[in-house]
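Given next are the chains, with one letter for each unit.
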Amino acid sequence: MQNKDNIILIGMPGCGKSTIGVLLAKALAREFYDSDLLIQRETGKLLKDIIRDEGISGFNAIEDQVNAKIDCHNSIIATGGSVIFGENAMAHFKDIGTVVYLYVSCDDIGKRLGDLDERGVVHKSGETISDIFKVRDPLYRKYADITVREPEGDFNMALVLAETVRTLRDKGF
């Protein structure tokens, strides 16, 4: 069993995982990893191009494989929104750290995201943000050790960061 000293951020696309992750790494003096960037580096392609070329199942397999082999300690890992479809990756993350669900309401996510294809969001043709949220939210809750809820309608990065740090410190980080 590995040391569970990492903090893994999960949540919907647009919830602020990468932004909060960088700020959290600075606040807690930790390394930062963005799994979407690791996927792009490993494949040499943008996420949207992987989805286009490999399809959803192909992308999910690549994402699962890359995430399942992240080897770091005392770090913050921001994941892609679809990471929860990768059983190997999620089992690995549960082994190496504490999983934090950055919860943002479906309405607020809808306001933040633009073109889902351009953004590289894994989704089936015709799916809405609401459809995606209904499938993913229960999976985020299933894997989360901690949930940090952003106040609805008010994306305040400092507030979300402070709440995340407070919650983690309460849990011994």
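Report on the accompanying structure.

The rules behind each value
Residues numbered from 1 in each chain as written. Predicted model: local features only at pLDDT ≥ 70, side-chain atom pairs only at ≥ 80, totals over all residues. Heavy atoms only, no water. Helix = DSSP H or I, 4+ residues; strand = E, 2+ residues; numbered from the N terminus. Buried < 20%, exposed > 50% of the residue type's maximum accessible area, 1.4 Å probe, protein only. Pairing = 2+ DSSP bridges. Axes fitted to C-alpha atoms, helices over the stretch in contact; angles between N-to-C directions. Contact = heavy atoms within 4.5 Å. 1 Å grid on protein atoms, 1.4 Å probe; cavity = no way out; pocket = protein on both sides within 12 Å on 5 of 7 lines; lining within 4 Å. Points joined across faces, edges and corners; volume = space filled by probe spheres on them. Nonpolar A, V, L, I, M, F, W, Y, C, P; charged D, E, K, R; others polar. Core = buried A, V, L, I, M, F, W, Y, C linked by side-chain atoms within 4.5 Å.

## A short note on the environment of Cys 15
Reasoning step 1: Relative to the elements of secondary structure, Cys 15 occurs in the loop between strand 1 (6-10) and helix 1 (17-27).
Reasoning step 2: Under the relative-accessibility criterion, Cys 15 is labelled buried at 1%.
Reasoning step 3: Sequence separation of Cys 15 and Leu 113 is 98 residues, and the distance between their C-alpha atoms is 9.4 Å.

## Some thoughts on unusual backbone geometry
Reasoning step 1: Even without a glycine there, the phi angle at Ala 29 is positive, about 55°.
Reasoning step 2: Note on placement: Ala 29 falls in the loop between helix 1 and strand 2 (31-34).
Reasoning step 3: For Ala 29, a relative accessible area of 68% corresponds to the exposed category.

## Let's talk about the sheet that holds strand 1
Reasoning step 1: Here 5 strands make up an open sheet; going across it, the order is 2-3-1-4-5 and the pairing parallel. If you trace the sheet from one side to the other, it starts and ends with strand 2 and strand 5 (146-149), each paired once. Adjacent strand axes in the sheet meet at a mean angle of 20° when their direction is disregarded.
Reasoning step 2: Pairing analysis gives 4 bridges linking strand 2 to strand 3 (residues 75-78), with the strands arranged parallel. Of the residues in strand 3, the one forming a bridge with Asp 34 is Ala 78.
Reasoning step 3: Against the sheet, helix 2 (residues 35-43) contacts strand 2 and strand 3, and its axis sits at roughly 60° relative to strand 2.

## Digging into the layout of surface pockets
Reasoning step 1: For the largest pocket, the calculated volume is near 390 Å³.
Reasoning step 2: Lining the largest pocket are 25 residues, with Pro 13, Gly 14, Lys 17, Asp 36 and Arg 119 positioned closest to its centre.
Reasoning step 3: Contributions of two or more residues to the lining of the largest pocket are made by helix 1, helix 2 and helix 3 (47-68).
Reasoning step 4: Counted by class, the lining of the largest pocket contains 9 nonpolar, 9 polar and 7 charged residues.

## Quick look at empty space enclosed by the protein
Reasoning step 1: Tallied over the full model, the rule gives 1 cavity of 30 Å³ or more.
Reasoning step 2: Its boundaries defined by the atoms lining it, the largest cavity holds a volume of some 30 Å³.
Reasoning step 3: Every residue along the wall of the largest cavity is listed here: Cys 15, Leu 102, Tyr 103, Val 104, Val 148, Glu 150 and Val 160.
Reasoning step 4: Broken down by class, the residue content of the lining of the largest cavity amounts to 6 nonpolar, no polar and 1 charged.

## Notes on the nonpolar core
Reasoning step 1: Ranked by size, the top nonpolar core spans 53 residues in total, and within it Ile 7, Leu 9, Ile 10, Leu 24, Met 90, Phe 93 and Val 100 carry the most contacts.
Reasoning step 2: A per-element tally of this core places helix 3 first, with 6 residues.
Reasoning step 3: Excluding residues within four positions of it along the chain, Val 100 makes contact with Ile 7, Ile 8, Leu 9, Ile 10, Ile 146, Val 148 and Leu 168.

## What about the pairing of strand 3?
Reasoning step 1: What you see with strand 3 is no split at all: Ser 75 and Ile 77 on one side and Ile 76 and Ala 78 on the other are buried throughout.
Reasoning step 2: Sheet topology note: the strand 1/strand 3 ladder contains 3 bridges and is parallel. Considered in strand 3, the bridge of Ile 8 is made with Ile 77.

All quantities given are derived from atomic positions and should not be read as evidence of function.
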